[in-house]
Amino acid sequence: MSRIWARSLRGRVTLIATAVAATVLVPTGIGGAAVTRTVVTASVWKDTRDAAAAVTPDLREGRFVSGRIPVTVDEVDLIQVVSPDRRVIASSSAAALQPPLTDIWPTPDDRAVSTISCDKGDCVHLTAIRVSKAADSPVVYAARPTPGVLATRVLEIAIAAQVALVLALVAWVTWLVTGRTLSPVAEMRSELDAVNATDLSRRVTVPKGEDEVAQLARSVNGTLARLERSAEQQRQFASDASHELRTPIAGLRAQLESAQLYPEDTDLEKLLDGALNDTDRLEAIVSDLLLLARIGSRVDVVKERVDLAQLVREGLSGRQDRIPVRCDLAEGAFVEGVVVQLRRVIDNLLDNAQRHADGSVTVSLRTEDGSAVLTVQDDGTGIAPQDRDRVFERFTRLDAARSRDAGGTGLGLAIAREVAVAHRGAVCVADSPRGARFVMRLPLA
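What this report covers is the structure whose coordinates are included nearby. Chains are numbered independently. Their residues run from 1 in the order of the written sequence. Given that the model is predicted, a residue must reach a pLDDT of at least 70 before its local features are reported, and side-chain atom pairs must reach 80 or more before they are shown or counted; all residues, however, enter totals for whole chains, interfaces and linings. As a convention, hydrogens and water are excluded, and side-chain values are obtained from all of the structure's heavy atoms.

### Notes on the pairing of strand β5 (residues 122-130)
When you tally the buried positions in β5, you get 7 out of 9 residues, the bulk of the element. Between any two strands, at least two bridges found by DSSP are needed for them to pair. In this description a helix means any DSSP run of H or I spanning at least four residues, a strand means any run of E spanning at least two, and both kinds are numbered starting from the N terminus. Relative to β5, strand β4 (residues 112-119) runs antiparallel, the two being bridged by 8 bridges. Residue pairing for β5: A112 is matched across the bridge by I129. Taken together, the 7 bridges between β5 and strand β6 (residues 139-145) define a ladder with antiparallel strand orientation. Following the sheet pairing, H125 is matched in β6 by R144. Only protein chains enter the accessibility calculation, which uses a 1.4 Å probe. A residue is then buried if its area is under 20% of the maximum for its type, exposed if over 50%, and partly exposed in between.

### A few points about the pattern of salt bridges
By definition here, a salt bridge exists when the distance from a side-chain nitrogen of Lys or Arg to a carboxyl oxygen of Asp or Glu is within 4 Å. One pass over the structure, following the stated rule, counts 17 salt bridges. Here K46 makes a salt bridge to D50, at a shortest N to O gap of 3.0 Å. With K46 and D50 both in helix α2 (residues 9-53) and 4 residues apart, this pair spans about one turn of that helix. Note on D50: relative accessible area 34%, which makes it partly exposed. In this structure, the salt-bridge partner of D85 is R87, at a minimum N-O distance of 3.7 Å.

### Some words on unusual backbone geometry
One non-glycine residue, R86, lies in positive phi territory at about 65 degrees. As for its position among the elements, R86 is in the loop between β2 (78-82) and β3 (88-91). Residue R86 is classed as partly exposed on the basis of its relative accessible area of 40%. Of note, the phi angle at D369 is positive, near 55 degrees, even though the residue is not glycine. Following the sequence through the fold, D369 ends up in the loop between β10 (361-368) and β11 (371-378).

The analysis is restricted to geometry; functional conclusions fall outside its scope.
Put into structure tokens, the structure is as follows:
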């Protein structure tokens, strides 16, 4: 369990945060203890020096001090005046009837000495001041009991306990915060584990906010959506191929079997024409299906700056239509796209308009709100509102289409929609007083 904890991201982050905190807090604690000891020691020495110095002026000026010495500095209550023969000639009440506080005797060259004196485990901080350089100069001793903060390790223990408490708090907070931060990641992992190849419709839960975890969840959902779309297109391709190719293949097979069974009754020229027509239809369907598959899988990813007006003019120049096409093309409509695919969209929309028009087809191009808007209008019977989305589905043929022309593959408008979506645009059927009006919008380059 401990190895799993140490290997987990949550455990590693907690260990790193705790180590960083320890790197800062431990030296800070050690330094704080040292500074505290230094400050307290300096304060104690100052107090003992001040207490001893308060007595020396009288002795230095020849005024003999005897009896009890008043305490002038708080906590410095051990004061003695000792003669050169080591006899106590005056003392404070706390030092009365005691032998000299220490054996240290300052020299004429070093008249003030501070030291620590211990007797049976009891220590005092003491300052000895020689009154003068004379050989018979007395010495003033001023001492106070060593403060507990200096006599024991209580300070270090307290700081160590505080550092340990803070480190434990840092580890706990880091563990808690990291757990809350990574819990959406764990949830996403479990949700991703539930996704399988047969069902790509599942999505991970997107946490609230705009942090990195939420962005990761959105990216994961976007990837799942693209995978689902790609898988759906593959299934659609297989379904479409099996469904739409079966009819012409069956027709071609029936013609060939009939010619094989009844060769004397077979019109060879008619048989070859029918076989070629079925072959052409098969070739058209396969080409369109392969194009749809390439668009969906993003095989054609090389895009360039395209002048839509010039592309429309080039497409119209190579066509032999039964109905002349009127154009109203605005200049400056440049988009980023795959030329072959965009040309195919224009051809498909024109083919559809020519197939259903009664006497006129109009192509217009304009720029609007950062988009290039291409419109193909015919004056045919139009498309009912309830069928305007359905016409973009694969192999959809409305009754009007069947009566006009049975030669199409039923994939032209589906290809137009897929290409527009792949170019971050859209194509739709707009309202029109007469006929069908197809509008494609693409973002300007």
